[in-house]
Amino acid sequence: DMTNAYSFDGALVMSLLFVCTCAYLRRVPRLRQWCFSEKSGLWGVLYKGAVIGVRLHIVVAIACTVMAFYVLFVR
């Protein structure tokens, strides 16, 4: 089964993937200057996702692990 983006667990998976992707892309020097310099608008959403991923990296990692077990074994 594929994860439905319109269900609650699908929304959690998509938000975790977004936060992890933004935090990863923030580590790339050219993208950091280009995408993550603005703190408002569309680029601000990327910036805020990256800040959440960097500051709460332990919580995000635990949430990713729990969600992976849920999607693989419970669902």
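Residues numbered from 1 in each chain as written. Predicted model: local features only at pLDDT ≥ 70, side-chain atom pairs only at ≥ 80, totals over all residues. Heavy atoms only, no water.

**As for the confidence of the model for the protein**
As a reminder, the rule being used: Note: pLDDT gives the predictor's confidence per residue, expressed from 0 to 100. Each helix is a run of H or I in the DSSP string that is no shorter than four residues. Each strand is a run of E no shorter than two, and both are numbered from the N terminus.
For the protein, the mean per-residue pLDDT works out to 88, and 93% of the residues sit at or above 70. Per-element mean pLDDT across the protein ranges from 83 in helix α2 (residues 29-34) up to 94 in helix α4 (residues 57-74).

**Details of the environment of Ser-15**
Basically, it comes down to this: Polar contact is defined as a pair of N or O atoms within 3.5 Å, subject to the rule that within protein one atom must be able to donate a hydrogen and the other to accept it, and that residues adjacent in sequence are counted only when both atoms are side-chain atoms.
Mapped onto the elements, Ser-15 comes out in helix α1 (residues 8-25). As for Ser-15 and Gly-49, which are separated by 34 residues in sequence, their C-alpha atoms are 9.0 Å apart. A distance of 2.9 Å separates a polar side-chain atom of Ser-15 from the backbone oxygen of Leu-12.

**Section: the environment of Asp-9**
For clarity, the cut-off: Working definition: with a 1.4 Å probe on protein chains only, accessible area under 20% of the residue-type maximum means buried, over 50% means exposed, and in between means partly exposed. In this analysis, two residues are considered to be in contact whenever any of their non-hydrogen atoms come within 4.5 Å of each other.
Within the fold, Asp-9 resides in helix α1. Of the residues examined, Asp-9 reaches a relative accessible area of 11% and is grouped as buried. Note: C-alpha distance between Asp-9 and Arg-75 (66 residues apart in sequence) is 9.8 Å. Non-local contacts of Asp-9, meaning those with residues more than four positions away in its chain, are made with Met-67, Tyr-70 and Arg-75. Among the polar contacts made by the side chain of Asp-9, one reaches the side chain of Ser-7 at a distance of 2.6 Å.

**Considerations on the packing of aromatic side chains**
Put simply, the rule reads: Stacked, tilted and edge-to-face are the three classes applied to pairs of Phe, Tyr and Trp rings, where Trp contributes its six-membered ring and a pair requires centres within 6.5 Å; stacked means planes under 30 degrees apart, edge-to-face means over 60, and tilted covers the rest.
What the rule picks out here adds up to two aromatic pairs. Ring geometry for Trp-34 and Trp-43: centres 5.5 Å apart, planes at 50°, overall tilted. For Trp-43, a relative accessible area of 34% translates into the label partly exposed. Ring geometry for Phe-69 and Phe-73: centres 5.7 Å apart, planes at 25°, overall stacked.

**Quick look at the state of the cysteines**
Note the threshold: Cysteine sulfur atoms that come within 2.5 Å of each other are treated as a disulfide pair.
All chains considered together, the criterion is met by zero disulfides. The closest cysteine sulfur to the non-disulfide-bonded Cys-20 is located on Cys-64, 3.5 Å from its own sulfur. Classification of Cys-20 by relative accessible area gives partly exposed; the value is 30%. Cysteine Cys-22 is unpaired, with the sulfur of Cys-35 as its nearest cysteine sulfur at 9.2 Å. On the accessibility criterion, Cys-22 (3% relative accessible area) is buried.

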